[in-house]
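# Structural characterization, general
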Amino acid sequence: MYPAVRKLFFTDCRCAGDPSKTYEELFAKLDTNKDGKVDVAELRAGLTAMGIKTGKGAAQKIISSGDKDKDDVLDFNEFTKYLKDHEKKLRLTFKSLDKNKDGKIDFTEIRQSLADLGLDVSKEDAKRILQSIDVDGTMSVDWNEWREHFLFNPATSLQEIIRYWKHSTVLDIGDSLTIPDEFTEEEKTTGMWWKQLMAGAMAGAVSRTGTAPLDRMKVFMQVHSSKSNKISLVGGFKQMLKEGGVSSLWRGNGINVLKIAPETAIKFMAYEQYKKLLASEPGKIQTHERFMAGSMAGATAQTAIYPMEVMKTRLTLRKTGQYSGMFDCAKKILKKEGVKAFYKGYVPNILGIIPYAGIDLAVYESLKNFWLSKYAKDTANPGVLVLLGCGTISSTCGQLASYPLALIRTRMQAQASLEGSEQLPMGGMVKKILEKEGFFGLYRGILPNFMKVIPAVSISYVVYENMRSGLGLQK
């Protein structure tokens, strides 16, 4: 950038303590036809005239990011809001990179930050990166140089923020409908991704085992509880203990744990492929594209492992001596009901992915943006408690939305094993529940389901962190 421009926009106006004047003068320079709006051509020409280097398509991305009323131009308010929001993200990233808090970034800090993200660069490469930003040749970058270099870079998700805030399935609450893990290219090329998946699978296994009695109670109430046969938590546990003893509380847990690994692997691989197909730009994926890719990956994984879901329900509800194990269960279902029985409840299960994943992701993104706008000052790292809280709230909201479909799925999976039970399709099942039990009949068993969320999240997080440490993964 030309020294005069740098002095005007990045030093004098900032020091004068009136950033709005900075934006006014900058907007006036860009708005060449003086119509109170800046379009792509004006932005591109104006930035070039001021000596501001931008990447290919950067002007269009800036307009798209700031254009709230979708008229393909930025008025002054949109322009100001875009720059203020973007500048805040830049400051957070700058402070995160400034490890020794001296107000400057040197090549060792750049190298360390890239190493934290899984990218090992040489001293020479780190110096070259620094020199591309360093205007005054001091081999260090201050805030003005950083802001000047990146202010018109239209990145909306800076790597530092992504690293802390990626929505991860580490918080296992026993549901299989979440958006898969997001990994950086460095994590994929260095092999860190499979270690993280392994740590997540182990966390899920321990978490599900720890909350298995509540999960069994949920399934028990979904299938057996009704207006005429009300089952309380205490009464249900007494009934299960009387019928099969303490060990009966963990019925169905073996297959519930066993299905984590194949489902996680299929979901991850499918997600990577769907992202490539759906992304409007190579290597970048928008929130709605991520939701679509995640939902499709979830549907693919569920289709592949769905017979295990049916067996889990049957084993969870089994009476003492009914099945000797999962293979005996599979053999008896196949012999008595045929192959189709392994896909009972499949339609409501697949339909349940959309409200769960959509609301889970939307709530998480909203909570993330709220925290970043209100509380982020010196770092983009919100801390463990905020991340756990956001993950728990978003997952719970997703569960609340998809629960009726989960209940229909469970009843359809179980109905053939219940004596005298009518074999109903999904529509008939919904109609019967609404007629006999009312709307709240679709939420049978939701209390134990909610009760297991906090212990499940806590257990999975503790185990995940210990596994990460054991596998040599950096935080």
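Reading the values: rules and limits
- Residues numbered from 1 in each chain as written.
- Predicted model: local features only at pLDDT ≥ 70, side-chain atom pairs only at ≥ 80, totals over all residues.
- Heavy atoms only, no water.
- Helix = DSSP H or I, 4+ residues; strand = E, 2+ residues; numbered from the N terminus.
- Buried < 20%, exposed > 50% of the residue type's maximum accessible area, 1.4 Å probe, protein only.
- Contact = heavy atoms within 4.5 Å.
- Areas by Shrake-Rupley, 256 points an atom, 1.4 Å probe, with all protein chains shown as cover.
- Patch = residues over 30% accessible without salt bridge, like charges linked within 9 Å, V, L, I, M, F, W, Y side chains within 5 Å.
- Salt bridge = Lys/Arg side-chain N within 4 Å of Asp/Glu carboxyl O.
- Core = buried A, V, L, I, M, F, W, Y, C linked by side-chain atoms within 4.5 Å.
- Expected span 1.5 Å × (residues − 1).
- Phe/Tyr/Trp six-rings, centres within 6.5 Å; stacked < 30°, edge-to-face > 60°.
- 1 Å grid on protein atoms, 1.4 Å probe; cavity = no way out; pocket = protein on both sides within 12 Å on 5 of 7 lines; lining within 4 Å.
- Points joined across faces, edges and corners; volume = space filled by probe spheres on them.
- Nonpolar A, V, L, I, M, F, W, Y, C, P; charged D, E, K, R; others polar.
- Polar contact = N/O pair within 3.5 Å; in protein donor to acceptor, adjacent residues only side chain to side chain.
- Axes fitted to C-alpha atoms, helices over the stretch in contact; angles between N-to-C directions.
- Parallel < 35°, antiparallel > 145°, perpendicular 65-115°, else oblique.

## What to know about the overall build of the chain
Along the backbone of the chain there are 22 helices and 4 strands. Taken over 475 residues, the chain has a buried fraction of 47%. Contacts in the chain between residues at least 24 apart in sequence constitute 71% of all its contacts with a sequence separation of at least 6. Entry remark: accessible area of the chain is about 23100 Å², with carbon and sulfur atoms responsible for 61%.

## Quick notes on unusual backbone geometry
Comment: phi is negative for the bulk of residues other than glycine, and the bulk of peptide bonds are trans. Phi at Lys 34 is positive, roughly 55°, even though this residue is not glycine. Looking at the element boundaries, Lys 34 is found in the loop between helix 2 (19-30) and strand 1 (37-38). Although it is not a glycine, Asp 72 sits at a positive phi angle of roughly 65°. Of the residues examined, Asp 72 reaches a relative accessible area of 56% and is grouped as exposed.

## Section: a nonpolar patch on the surface
On the surface, a nonpolar cluster with roughly 270 Å² of combined accessible area is contributed by Leu 241, Val 246 and Trp 250. Examined against the element boundaries, Val 246 turns out to sit in the loop between helix 13 (233-244) and helix 14 (253-258). With relative accessibility at 56%, the residue Val 246 sits in the exposed group.

## So, the nonpolar core
The nonpolar side chains of soluble globular proteins are, as a tendency, buried together. Counting 28 residues, the largest nonpolar core has Leu 30, Leu 43, Phe 79, Leu 83, Ile 105 and Trp 146 as its most contacted members. Residue assignment for this core shows that the elements contributing at least two residues are helix 2, helix 3 (40-49), helix 4 (58-66), helix 5 (76-97), helix 6 (107-116), helix 7 (123-133) and helix 8 (143-150). Broken down by element, this core gets its largest block of residues, 6 residues, from helix 5. Leaving out residues up to four positions away in the same chain, Ile 105 has contacts with Phe 94, Leu 97, Asp 98, Ile 110, Leu 130, Ser 140, Val 141 and Trp 146.

## Observations regarding helix 12 (residues 212-224)
Spacing of three or four residues puts side chains on the same side of an α-helix, whose turn is 3.6 residues. Taking 1.5 Å of rise per residue, the 13 residues of helix 12 would be expected to cover 18 Å, and the 18 Å separating its terminal C-alpha atoms lies within 8% of that figure. Most of helix 12 sits inside the fold, with 12 of its 13 residues counted as buried. For helix 12, the complete set of buried residues consists of Ala 212, Pro 213, Leu 214, Asp 215, Arg 216, Met 217, Lys 218, Val 219, Phe 220, Met 221, Gln 222 and Val 223. Against the buried residues of helix 12 lie helix 11 (192-210), helix 13, helix 14, helix 16 (287-317), helix 19 (384-414) and helix 21 (446-451).

## Some remarks on the packing of aromatic side chains
Using the criterion set out here, one finds 8 aromatic pairs in the structure. Where Tyr 306 meets Tyr 346, the ring centres are 5.6 Å apart and the plane angle is 85°; that geometry is what we call edge-to-face. Of this pair, Tyr 306 sits in helix 16 while Tyr 346 sits in helix 18 (residues 346-374), and the two are 40 residues apart along the sequence. Exposure remark for Tyr 346: the relative accessible area of 25% places this residue in the partly exposed category. When the centroid spacing of 5.6 Å and the interplanar angle of 75° are considered together, the rings of Phe 439 and Phe 440 count as edge-to-face. Residue Phe 440 is classed as exposed on the basis of its relative accessible area, which comes to 66%.

## Notes on the layout of surface pockets
Over the atoms, a rolled probe matching the size of one water molecule traces out where space is still vacant. Counted as a void, the second largest pocket has a volume near 580 Å³. In this structure, the second largest pocket is lined by 23 residues; those nearest its centre are Leu 317, Lys 319, Gln 322, Ser 417 and Leu 418. Looking at the lining of the second largest pocket, the elements with two or more residues in it are helix 12, helix 13, helix 16 and helix 17 (326-337). With 4 residues, the single largest contributor to the lining of the second largest pocket is helix 17. Within the lining of the second largest pocket, the residues separate by chemical class into 8 nonpolar, 5 polar and 10 charged.

## A few points about the side chain of Arg 216
Its location among the elements puts Arg 216 in helix 12. A polar atom in the side chain of Arg 216 sits 2.6 Å from the backbone oxygen of Thr 316. Look past the residues within four positions of Arg 216 in its chain and what remains in contact with it is Met 240, Ser 248, Leu 249, Arg 251, Thr 316, Leu 317 and Arg 318.

## Some remarks on the packing of helix 12 against helix 16
Look at helix 12 against helix 16: their axes get within 10 Å of each other, and the N-to-C directions meet at 90°. The angle between the axes of helix 12 and helix 16 places the two elements in the roughly perpendicular class. Residues Asp 215, Arg 216, Val 219, Phe 220, Val 223 and His 224 of helix 12 pack against Lys 312, Thr 313, Thr 316 and Leu 317 of helix 16. When grouped by side-chain class, the residues that make up the contact of helix 12 with helix 16 number 4 nonpolar, 3 polar and 3 charged.

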